[in-house]
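Structure at a glance
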Amino acid sequence: MTDTARADLLIGDVLARIHAAIHEHDVTYEEFQTAKQWLIDVGQAGEWPLFLDVFVEHAVESQVFENRRGTQGTILGPYHLPGAPLLEAPFQLPRRDDEEGDAVVFTGRVTGEDGEPLRGAELDVWHADAKGLYSGFDPSLPEGILRGKVLTDADGRYEVRTIVPAPYTIPEDGPTGAMVHAAGWSPWRPAHIHLIVSAENHTPLVTQLYIDSSDYLDNDVADAVKDVLIVHPRPLDGSDELGFTYDFSLSKELAAAPV
Ligand code: BEZ
Ligand code: FE
């Protein structure tokens, strides 16, 4: 199929579905003008990336990786920053001296499809703080905290020390938040840790691990939770830290990933 034929198919179909919804729901001129102004407002507020990551990315991810072998991925979202530092033992994500939140260590292995250990695989990790805020996006947080990369050892093992993040709402003060409120929807995402796991000759895995005790696991505004990505932090014997394990299996299919 040519690019023009593909554009004709996709754009034509999306428009046809909008037209069908207008007819089915008997849309008025007042509603059309409200929608038109809202679309303009989203652009002027620079919220198209946010809107698309919240309401559309999960469908693209599940479609593109429908037949993915290995560990499941989920959405990237808008809060990844390239260039996080590579951490050395004890592999603790940068944090403030008085960082709030339960300390947690998570460990596991990165393997290929046949279970072979992947040495030198990279885990790029980032998450919100105990108030649900991301460094680099909320000016009240020091730059670079709760972001870092670790590499696996010869057995494919990794270790990351950090704090348990909190659930958070998508921004509520702009047009995306206004739409969520207008429709009476919840603006919350459950507590999660983002990862991009990559290794040579394997498809990068963009995923999130969801904290089992979090609210909103079954009511995520971004519809990105998968049961297999829920983790269970528990107190570790003889330590103040919580701990959990999670193993990642990377596949060699070369579908394009979002990073
Ligand atoms: C996130 O997981 O960080 C996220 C995803 C979609 C929209 C906003 C945030
Ligand atoms: Fe997030």
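In short, a report on the structure. Predicted model, so just to flag it, every value in this text is computed and none were measured. (Residues numbered from 1 in each chain as written. Chains lettered and ligands numbered in written order. Predicted model: local features only at pLDDT ≥ 70, side-chain atom pairs only at ≥ 80, totals over all residues. Heavy atoms only, no water.)

Turning next to the nonpolar core. Within soluble globular proteins, side chains that are nonpolar generally end up buried alongside one another. Within the largest apolar cluster, 42 residues are counted, with the highest numbers of intra-cluster contacts made by Val110, Leu123, Tyr158, Leu195 and Phe248. For this core, the leading source of residues is strand 8 (residues 205-211), giving four residues. Residues within four places of Leu195 in sequence aside, it is in contact with Phe106, Leu123, Asp124, Val125, Trp126, Leu205, Val206, Thr207, Leu209 and Phe248. If you look at the next biggest cluster of nonpolar residues, it comprises eight residues, including Trp126, Ala128, Tyr134 and Ile196. (Core = buried A, V, L, I, M, F, W, Y, C linked by side-chain atoms within 4.5 Å. Buried < 20%, exposed > 50% of the residue type's maximum accessible area, 1.4 Å probe, protein only. Helix = DSSP H or I, 4+ residues; strand = E, 2+ residues; numbered from the N terminus. Contact = heavy atoms within 4.5 Å.)

Right, let's get into the site of ligand 1. Lining the immediate environment of ligand 1, one finds Asp53, Val54, Ile75, Gly77, Pro78, Tyr79, Tyr134, Tyr168, Arg189, His192, His194 and Gln208. Contacts to ligand 1 include His192, whose side-chain N or O atom sits 3.3 Å from an oxygen atom. Coverage of ligand 1 by the protein amounts to 100% of the 260 Å² it exposes when considered alone. Structurally, ligand 1 is housed in the largest cavity. Contributing elements (two or more residues each) for the shell around ligand 1: helix 3 (48-55) and strand 7 (192-198). Per-class residue counts for the shell around ligand 1 are six nonpolar, four polar and two charged. (Near = heavy atom within 4 Å. Polar contact = N/O pair within 3.5 Å; in protein donor to acceptor, adjacent residues only side chain to side chain. Areas by Shrake-Rupley, 256 points an atom, 1.4 Å probe, with all protein chains shown as cover. 1 Å grid on protein atoms, 1.4 Å probe; cavity = no way out; pocket = protein on both sides within 12 Å on 5 of 7 lines; lining within 4 Å. Sits in = over half its atoms within 2 Å of the grid points. Nonpolar A, V, L, I, M, F, W, Y, C, P; charged D, E, K, R; others polar.)

Here the focus is the sheet that holds strand 2 (residues 122-127). Strand order in the open sheet formed by five strands is 3-2-7-8-9, and the pairing between neighbours is mixed. The sheet is open, and its two borders are formed by strand 3 (147-151) and strand 9 (230-231), each paired with just one other strand. Across six bridges, strand 7 lies against strand 8 in antiparallel orientation. In the sheet register, Leu195 faces strand 8, and the bridge partner there is Thr207. (Pairing = 2+ DSSP bridges.)

This part is about the coordination of the iron ion (ligand 2). Coordination of the iron ion (ligand 2) by the protein is provided by Tyr134 (OH), Tyr168 (OH), His192 (NE2) and His194 (NE2), with metal-donor distances spanning 1.9 to 2.1 Å. Of note is the iron ion (ligand 2), whose six donor atoms meet at the metal with angles of 53 to 164° in an arrangement that counts as irregular. Taken in chain order, the donor set of the iron ion (ligand 2) reads Y-x33-Y-x23-H-x1-H. Taken as a pair, Tyr134 in the loop between strand 2 and strand 3 and His194 in strand 7 lie far apart in primary sequence, 60 residues in all. Judged by relative accessible area, Tyr134 falls into the buried class, the value being 3%. For His194, a relative accessible area of 2% translates into the label buried. (Donors = N, O, S within 2.8 Å, 3.2 Å for Na, K, Ca; no water. Tetrahedral: all angles 85-135°; square planar, octahedral: opposite > 155°, others 65-115°.)

Everything listed here is a matter of coordinates, which is why it stays silent on function.
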